[in-house]
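# Breakdown of the fold
Take a look at the letters that make up each chain.
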Amino acid sequence: MVAPDRGIAHVPAMSSTLTETLSEITPDAAKAELYAFAAKPVVDPRRDLVGLERSELEAVITEFGLPRFRANQLWHWIYHRGAVDFDLMTNLAKPIRALLAASFRISRPRVVSRQDSSDGTIKWLLRFDDGNEAETVFIPEDDRGTLCISSQVGCTLTCSFCHTGTQRLVRNLTAAEVVGQVLLALDELAGFPSAGVNRRLTNIVLMGMGEPLYNFENVASAMRIAMDGEGLALSRRRITLSTSGVVPMMARCGAEIGVNLAISLHGTTDEIRDELVPVNRKWPIKDLLDACRSYPGVNNARRITFEYVMLEGVNDSLEHARQLVALIKGIPAKINLIPFNPWPGSAYECSDPDHIERFAQVLMKAGYASPVRTPRGRDILAACGQLKSESHKLNRREQRAVAAE
Ligand code: SAH
Ligand code: SF4
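The following paragraphs examine the structure supplied in this document. (Residues numbered from 1 in each chain as written. Chains lettered and ligands numbered in written order. Predicted model: local features only at pLDDT ≥ 70, side-chain atom pairs only at ≥ 80, totals over all residues. Heavy atoms only, no water.)

## Topic: helix H5 (residues 94-103)
The test is simple: Here the term buried applies to any residue with accessible area under 20% of the maximum for its type, exposed to any over 50%, and partly exposed to those in between, with areas from a 1.4 Å probe on protein chains only. Numbering goes from the N terminus for both helices and strands, where a helix is a DSSP run of H or I of at least four residues and a strand is a run of E of at least two. As used here, the arc is the angular range of directions from the helix axis to the C-beta atoms. Residue contacts are counted whenever heavy atoms from the two residues lie within 4.5 Å of one another.
What H5 keeps buried is the set Ile96, Arg97 and Leu100. Down the axis, H5 shows its buried residues gathered within 100° of arc, on one side only. The exposed set on the far side of H5, more than 90 degrees from its buried face, consists of Lys94 and Pro95. At its buried positions, H5 is contacted by helix H3 (54-64), helix H4 (68-80) and strand E2 (104-105).

## Structural notes on the packing of aromatic side chains
For any two aromatic rings, the description comes down to two numbers: the centre-to-centre distance and the angle of the planes. Selection rule: The criterion for an aromatic pair is that two Phe, Tyr or Trp rings (for Trp, the six-membered ring) have centres within 6.5 Å, with stacked assigned to planes under 30 degrees apart, edge-to-face to planes over 60 apart and tilted to the rest. Counted as over-ring charges are cases with an Arg CZ or a Lys NZ within 6 Å of the ring centre that also lie within 35 degrees of the ring normal.
Applying the stated rule across the entire model yields four aromatic pairs. Here the basic side chain of arginine 81 rests over the ring of tryptophan 77, its NZ or CZ set 4.6 Å away from the ring centre.

## Quick notes on the packing of helix H7 (residues 216-227) against helix H8 (residues 247-256)
We apply this condition: For helices, the fitted line uses only the C-alpha atoms of the stretch in contact; every axis is such a line through C-alpha atoms, and the angle between N-to-C directions lies from 0 to 180 degrees. Just so you know how the angles are binned, under 35 degrees is roughly parallel, over 145 roughly antiparallel, 65 to 115 roughly perpendicular, and the rest oblique. Each helix crossing is assigned a hand: it is left-handed if the near helix lies turned anticlockwise from the far helix by less than a right angle, otherwise right-handed if that turn is clockwise.
One way to put it is that H7 packs onto H8 with a least axis distance of 11 Å and a crossing angle of 20°. The orientation of H7 relative to H8 falls into the category roughly parallel. Taken as a pair, H7 and H8 cross one another with a handedness that is right-handed. Contacts between H7 and H8 involve Phe216, Glu217 and Arg224 from the first element and Met249, Arg252, Cys253 and Glu256 from the second.

## Some remarks on the site of ligand 2
Our working definition: Residues are labelled near a given molecule or strand when at least one of their non-hydrogen atoms is within 4 Å of it. Just so you know the grouping, Ala, Val, Leu, Ile, Met, Phe, Trp, Tyr, Cys and Pro go in nonpolar, Asp, Glu, Lys and Arg go in charged, and all remaining residues, Gly too, go in polar.
Every residue close to ligand 2 is listed here: Cys155, Leu157, Cys159, Cys162, Gly165, Gly210 and Ser244. Residue composition of the shell around ligand 2, grouped by class: four nonpolar, three polar and no charged.

## Side note on the side chain of glutamate 53
As a reminder, the rule being used: Here a polar contact means two N or O atoms within 3.5 Å. Within protein one must be a hydrogen donor candidate and the other an acceptor candidate, and residues neighboring in sequence count only if both atoms are side-chain atoms.
Mapped onto the fold, glutamate 53 is located in the loop between strand E1 (47-48) and H3. The buried category is assigned to glutamate 53, whose relative accessible area is 16%. Polar contacts involving the side chain of glutamate 53 include one to the side chain of arginine 224, which spans 2.9 Å. Every residue in contact with glutamate 53, bar those within four places of it in the chain, is listed here: Trp75, Ser221, Arg224 and Ile225.

## What about unusual backbone geometry?
Residue histidine 266 is not a glycine yet carries a positive backbone phi of 65°. A relative accessible area of 5% places histidine 266 in the buried class. Even without being a glycine, leucine 381 presents a positive backbone phi close to 50°. Turning to its location among the elements, leucine 381 is positioned in the loop between helix H12 (353-365) and helix H13 (396-404).

## Comments concerning the site of ligand 1
For clarity, the cut-off: Here the accessible surface of atoms and residues is derived via Shrake-Rupley with a 1.4 Å probe, and residues count as covered only by protein chains that are part of the display.
Around ligand 1 sit 21 residues, and of these Gly210, Ser242, Ser264, His266 and Asn341 come closest. One of the backbone nitrogen or oxygen atoms of phenylalanine 161 is found 3.0 Å away from a nitrogen atom of ligand 1. In the model, an oxygen atom of ligand 1 is placed 2.6 Å from a nitrogen or oxygen of the serine 242 side chain. Alone, ligand 1 offers 530 Å² of accessible surface; in the complex the protein occludes 95% of this. Its residues placed into classes, the shell around ligand 1 shows ten nonpolar, nine polar and two charged.

## Brief notes about the pairing of strand E10 (residues 239-243)
Going by this rule: Between any two strands, at least two bridges found by DSSP are needed for them to pair. Crossover handedness is defined by viewing with both strands directed away from the observer: a clockwise path from the first strand over the helix to the second marks the crossover as right-handed.
Taken across its five residues, E10 has five buried, putting it largely inside the fold. A two-sided burial pattern is seen for E10, the buried positions comprising Ile239, Leu241 and Thr243 on one face and Thr240 and Ser242 on the other. Note: strand E9 (residues 203-206) against E10, three bridges, orientation parallel. When the sheet's bridge partners are listed, leucine 206 is paired in E10 with leucine 241. Of the pairings in the sheet, the one linking E10 to strand E11 (residues 260-264) comprises four bridges and is parallel in character. Within E11, the position partnered with threonine 240 by the bridge is asparagine 260. In this view, the connection linking E10 to its parallel neighbour E11 by way of H8 has right-handed handedness.

## What to know about the pairing of strand E3 (residues 110-116)
With six bridges joining them, E3 and strand E4 (residues 122-127) adopt antiparallel strand pairing. When the bridges of E4 are listed, valine 111 appears paired with leucine 126. Once E3 ends, the chain turns through five residues before running back antiparallel as E4, passing glycine 120 with a positive phi of about 95°.

## A word on the sheet that holds strand E12 (residues 304-310)
Pairing is mixed in the open sheet, where nine strands are placed in the order E3-E4-E5-E6-E9-E10-E11-E12-E13. Because the sheet does not close on itself, it has two edges, and the strands there are E3 and strand E13 (333-339). Strand-to-strand twist of the sheet, defined as the mean angle between neighbouring strand axes without regard to direction, takes the value 20°. Pairing geometry for strand E6 (residues 145-148) and E9, over three bridges, is parallel. Residue pairing for E9: cysteine 148 is matched across the bridge by valine 205. Contacts from H12 reach E12 and E13, with the element oriented near 175° to E13.

## Considerations on the pattern of salt bridges
Applied cut-off: When a carboxyl oxygen of Asp or Glu lies within 4 Å of a side-chain nitrogen of Lys or Arg, that pair is called a salt bridge.
Applying the stated criterion across every chain, the model contains 21 salt bridges. Across the pair glutamate 230 and arginine 54 runs a salt bridge whose closest N-O atoms are separated by 2.9 Å. Linking glutamate 230 in the loop between H7 and E10 with arginine 54 in helix H3, this pair joins segments that are 176 residues apart in sequence. For arginine 108, the salt bridge is made with aspartate 187, and the minimal N-O distance between the two is 2.7 Å. With arginine 108 in the loop between E2 and E3 and aspartate 187 in helix H6 (residues 175-189), this pair connects stretches of sequence that are 79 residues apart. Of the residues examined, arginine 108 reaches a relative accessible area of 2% and is grouped as buried.

So this is what it looks like as structure tokens:
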């Protein structure tokens, strides 16, 4: 166990040093040694302050014996300035900083690796305290910077075209781990609100690993933290949650966090969608679209995005395009055509670009503007559906094999 005056508060410094060091050194043996170090599970008995919503932080701090305003100060340091070390909190007296540091920590996921794509996309493989991993991707564009975050390690759903769905071990990320991805990216981009007006990270999409509506409580807490005006201050209009169609949770999502909604539609008949997005067998297209029609806050200024992956010969005929238009008629909507991103072992081909263009023309004639999503970070396997970590639970045969080694 780590002594109370050491531990995770020092880990973020270590992880960024680790990333820098990794980019400087070349010998494989030295890299392997550092990766092995990063892989060690972290045991820190101190309570993590990251991931507590504001009212929860106030409760923890007042129960600890400090006045409520200390919680506001801590909130400012953690989310406005990105502090991970109580010692930097200069408006707290030194003995109070020491008391806090003995009982609490301000966590970050650890960076196992960082890859920079030729198009500016950055992908981090992050490791959490128990050794599980997930990926986070930053996509810079001219007018915005979008962070694509994960909600689970792996995914229990098994969409046939998605790499994440092939990963066996699945667990929900905690609220600290969900918002921790944003904090980590802001560390690396020097992008906390206190850094100034030109914020590089302006948008969040819950489109990484996992089904966010299967981990709604933690995702909702993390997003309420991200939206707080005295902290990260990311507006709900700049946050989009993508779901494969967990119908019973959609109304709560709209009512409780009110973020933009994206729906992974991908098929225009139940027969096709059952195959591509198996959760459709539970909640078929009609139920899904009814839930979209009644999504709180949806109007022409705030449209629902329908995501549609282009799979050659499967869902990409012009007839499918016409069916798509007919299906979503009356819903204030945007359509996002996603060229299929291949991954090792995937069974599909991406429709060819001219064909995608013809499909898009049908949608454009029906009034949907520029619907094709440009794939980003393909060279580092960071594009939609390519995320996957090595975290997995050994099956019995694998356990026996390891035991026999
Ligand atoms: N689980 C959620 C969010 C993560 S996936 C969901 O399914 O909506 C983000 C988007 O990428 C989804 O629309 C998903 O269907 C799509 N996607 C998955 N695999 C893909 C692939 N190989 N190529 C292109 N898009 C993919
Ligand atoms: Fe899970 Fe979304 Fe991938 Fe389907 S597309 S397996 S829901 S992450």
